[in-house]
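# Residue-level structural notes
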Amino acid sequence: MGKNVSVRDVAREAGVSIGSVSRVLNGGPHVSQDLRERVYSVVERLGYRANVHARGLRTGSSRIVGCMVPEIRNQIYASFVGAVEARLNASGYMMLLGNSHGSAPRERQLLAFFESHGVDGIIATPGSKGEDFLRGPFGAGRTPLVVLDRDVDGACDAVLIDQEGGVRAATQHLIGLGHRRIALFTGGVGLRSGRGRIQGWRDAHRARGLPADDGLIGLVSAWSQSSYDDMRAMLRLPEPPTAVIAPSTRVLSGALKAVRDAGLAWPVDFSAVAIGATDAGEFAWPELTTVAWDAEASGRLACELLLARLEPSAQAPSRPVPAQRLLLDTWLQQGQSCGPAPRASRRR
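Residues numbered from 1 in each chain as written. Predicted model: local features only at pLDDT ≥ 70, side-chain atom pairs only at ≥ 80, totals over all residues. Heavy atoms only, no water.

Low pLDDT means the predicted coordinates in that region are not meant to be read closely. Averaged over all residues, the pLDDT of the chain equals 85, while 84% of them reach at least 70. Here helix 4 (residues 52-59) stands out as the least confident element of the chain, with mean pLDDT 52; helix 9 (residues 163-176) is the most confident, with 98. (pLDDT = per-residue confidence, 0-100. Helix = DSSP H or I, 4+ residues; strand = E, 2+ residues; numbered from the N terminus.)

Attention shifts here to the pattern of salt bridges. Evaluated as defined, the whole model comprises 16 salt bridges. Here arginine 168 ties to aspartate 203 by a salt bridge, and the two come within 3.7 Å at their closest N and O atoms. Taken together, the residues span a long stretch of sequence, with arginine 168 in helix 9 and aspartate 203 in helix 10 (residues 192-207) at a distance of 35 residues. On the basis of relative accessible area, aspartate 203 is assigned to the buried category, the value being 18%. In this structure, the salt-bridge partner of aspartate 214 is arginine 202, at a minimum N-O distance of 2.9 Å. Taken as a pair, aspartate 214 in the loop between helix 10 and strand 7 (217-220) and arginine 202 in helix 10 lie far apart in primary sequence, 12 residues in all. Relative accessible area serves as the criterion here: at 42%, aspartate 214 is assigned to the partly exposed category. Through salt bridges with shared partners, one network takes in Glu164, Arg168, Asp203 and Arg206. (Salt bridge = Lys/Arg side-chain N within 4 Å of Asp/Glu carboxyl O. Buried < 20%, exposed > 50% of the residue type's maximum accessible area, 1.4 Å probe, protein only.)

Mapped onto the elements, valine 24 comes out in helix 2 (residues 18-25). Apart from residues lying up to four places away in sequence, valine 24 is in contact with Val31, Leu35, Arg36, Val39 and Tyr40. (Contact = heavy atoms within 4.5 Å.)

With respect to topology, 6 strands assemble into an open sheet ordered 7-6-8-9-10-12, the strand pairing being mixed. Strands at the two margins of the open sheet, each flanked by one partner only, are strand 7 and strand 12 (331-333). Across the sheet, the mean angle from the axis of one strand to that of its neighbour is 20°, orientation sign disregarded. Packing against the sheet, helix 11 (residues 228-235) makes contact with strand 6 (182-187), strand 7 and strand 8 (243-247), and its axis sits at approximately 160° to strand 6. (Pairing = 2+ DSSP bridges. Axes fitted to C-alpha atoms, helices over the stretch in contact; angles between N-to-C directions.)

Given below as C-alpha cells:
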C-alpha cells in the first residue's frame, strides 16, 4: 500500500477509531500499551508514514523539538541529550538532534533544517556569544528557544551552569593544600563558561591575598584539543605550576601526559582537578577530584522551560512571560588526584 496509506487505513486495519490512532501517533495521554502496540504493528505492516507538515498545518504543532549541541561525543553533552529526549518523549514529543561542532555555518544550517521541519521549539548550546548570538540566526528566529550555559542578554530562556563557583571551590581546595601555582585550562573568554571559570580562579586567589598569574591560563578552542604543548611549556617556567584545573576531556589528559613526561607523578608531585564529571573519570587512577554538575538535570530543566512555552497553563497570564534563567549548582567531588603541594614550591 506504501505511499497512499492514510490514518483511516491504519484505523480500519487496527479495528480502532481514527482518533485513537492519532492519539497513539501524536504521543497523546491515556493510551494503553495494548492500543499502542496494535496501532504500531499495523503502521509497520502497512508502511504508513505520517505527513508531519500537513499535521502541523492542521493542529498548529508538529510535536517535534530540535536539539543542537557542539559535540555529541563529549559525554557531558551526551548525558544532556539523553535527558532531553527522555523528557520530551514523556510529553509526546520527538527530537531532532544536530551536532554543530561549534561551527557558526553549521549552526545556521541546522537551524534552517529544524525550522524547515516545522519544529515547535529548539534547545541549543550555541557557539556564538552575546551580540553575535542576537545578530545571527538564533536572534532572528521566532521559534521558542532554550539555551544551555550561554549568556544571551535575556533574549530567551536559559539553563546556566555555575562554572564560576565550581572553579572557585576547586582553586580554594588546591590553595588549602599549599599550592600557589595553579594552572587553568578552559575554553575561550568569549563564552560564558570560559569567563566564569577564569573569574572563579582569580577570585579564589584574591580571597587569599595571592597573585593570580595569567600566564598559567591556557585557552583552548575545542574540547578535543590537547593541552600537552601548553602544559609542557608551563612546566619549564622558573616557577612551574604544581596543580591544574581543566575540562575532563583531551584537555586534561594532554596536561597530565605532559606532567608524566616531565617525570612527575600525581598526586605526589602534582595535583589535578577535572571540570565536568564523566564515566571515564571514575575509572581513572587515582580517581579524579572533579567540579561536577548534574548534566541530566540540565537537560530536564531545559525541557521544562521549553514545555512551559509550548504548553502554557490555563491559569497563565495572557501577557508575554519574561525570559527565565535557571542556575544549576556545581560541587567539588573529592577524589584522590589532589595532594599537598611539594614543599619546595610553597610560599606564604
